[in-house]
Amino acid sequence: MVLPYEKLFELSSDPMAIVKLDGEFISINLAFTNAVGWKIPELKKKNIWDFILPSSLKEPSNFSWNLNHGHPIIFVDSMFRCETGEIRQFRWSAYPDLETGTIAFLIREPGKFDEENSLFQVAAEASPTVILVVSKSEIIYSNRLIEIVFGYSKGEITGKSVEVLIPPSLVSSHLNFRRQYEKAPYLRLMGEKRELSGLRKDGSVFPVDIGLNPVVGLEQQVVVCSIIDLTRRKEAEKIIADRIKDLEERINFLDILSKTDALTSLNNRRSLDMQLELQCNI
């Protein structure tokens, strides 16, 4: 039985290959064969890194380390050795799945580069969260939501250190965290860590949640940051907590009324019966 995703893989117009974490080929689609000429029988026991010219990669070991740690690689330009012996340039992305021990490779023809960049821009600008792309602490890209959440324009924030978005009292601890993170970057999902704080351009501090995803590509290793303003959620949580507290106080008050005499404020018969029942159960 052919599963739907397998049909999608075969019929996709994008050249795609599924390889093991060490790069050994598992499967390729027809578009991949059309692009580079190789067929799956010819690739058995061969490694995808054998077909990418090492001279066209910056720090090849860095790619392997990131993929083996589950970090995606996007938009890398490299020279590929085709079946005919021709050397062609492709832009490729790789998405590792540590659970299955595989990597999905996608390659693009040079004519599609601008299309990829525009799709990235559309996705980032449509995101309901602030999106930052950071390289060595420097913000190299932000979507327009930065204006609403932090008060900076896109052009104004580009080139600044991420510490400009951190309250002064937390800058020192953030610097320590960032240095450790840069040594061993990892995927950090939202909701997994303690509450964090952001600093707006006007100097106001507000609660935020931050997700981090290290990505190799764009000719360098970067970290994609997703930031959510938690102000409204915190306000809603406070309202709910206040209402729960008020309800508990009302319940406690009604409980006292039900156990005491309204005139004398002494315990009534109901309170006595409850105490007797409690003693009998001890």
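Computed from a prediction, not measured in an experiment: that's the story for all the values here. (Residues numbered from 1 in each chain as written. Predicted model: local features only at pLDDT ≥ 70, side-chain atom pairs only at ≥ 80, totals over all residues. Heavy atoms only, no water.)

A. The arrangement of the pairing of strand β7 (residues 138–142) in detail. Pairing analysis gives four bridges linking strand β6 (residues 130–135) to β7, with the strands arranged antiparallel. Its bridge partner being in β7, V134 is matched across the sheet by I139. Linking β6 back to β7 in an antiparallel pair, the connection comprises two residues, with K136 at a positive phi of about 50°. (Pairing = 2+ DSSP bridges. Helix = DSSP H or I, 4+ residues; strand = E, 2+ residues; numbered from the N terminus.)

B. View of empty space enclosed by the protein. Under the defined criterion, the tally for this structure stands at one cavity of 30 Å³ or more. Taken as a whole, the largest cavity spans an internal volume of roughly 40 Å³. Lining the largest cavity are F25, F32, V36, W38, L43, F51, F80 and R81. Contributions of two or more residues to the lining of the largest cavity are made by α2 (30–36) and β3 (73–81). (1 Å grid on protein atoms, 1.4 Å probe; cavity = no way out; pocket = protein on both sides within 12 Å on 5 of 7 lines; lining within 4 Å. Points joined across faces, edges and corners; volume = space filled by probe spheres on them.)

C. Quick peek at the environment of N268. Positionally, N268 belongs in the loop between α9 (231–259) and α10 (269–280). For the pair formed by N268 and S258, sequence separation is ten residues and the distance between their alpha carbons is 8.3 Å.

D. Molecular detail of the packing of aromatic side chains. All chains considered together, the criterion is met by ten aromatic pairs. Between W49 and F105, the aromatic rings sit 5.8 Å apart at their centres with planes inclined by 80°, giving edge-to-face as the arrangement. Taken together, the positions of W49 in the loop between α3 (40–43) and α4 (60–68) and F105 in strand β5 (residues 102–108) put the pair 56 residues apart, joining distant regions of the chain. Here the aromatic residues F25, F32, W38 and F51 are joined through ring pairs into a cluster of three or more. Lying over the aromatic face of F206, R200 brings its terminal NZ or CZ to 3.8 Å of the ring centre. (Phe/Tyr/Trp six-rings, centres within 6.5 Å; stacked < 30°, edge-to-face > 60°. Lys NZ or Arg CZ within 6 Å of the ring centre and 35° of its normal.)

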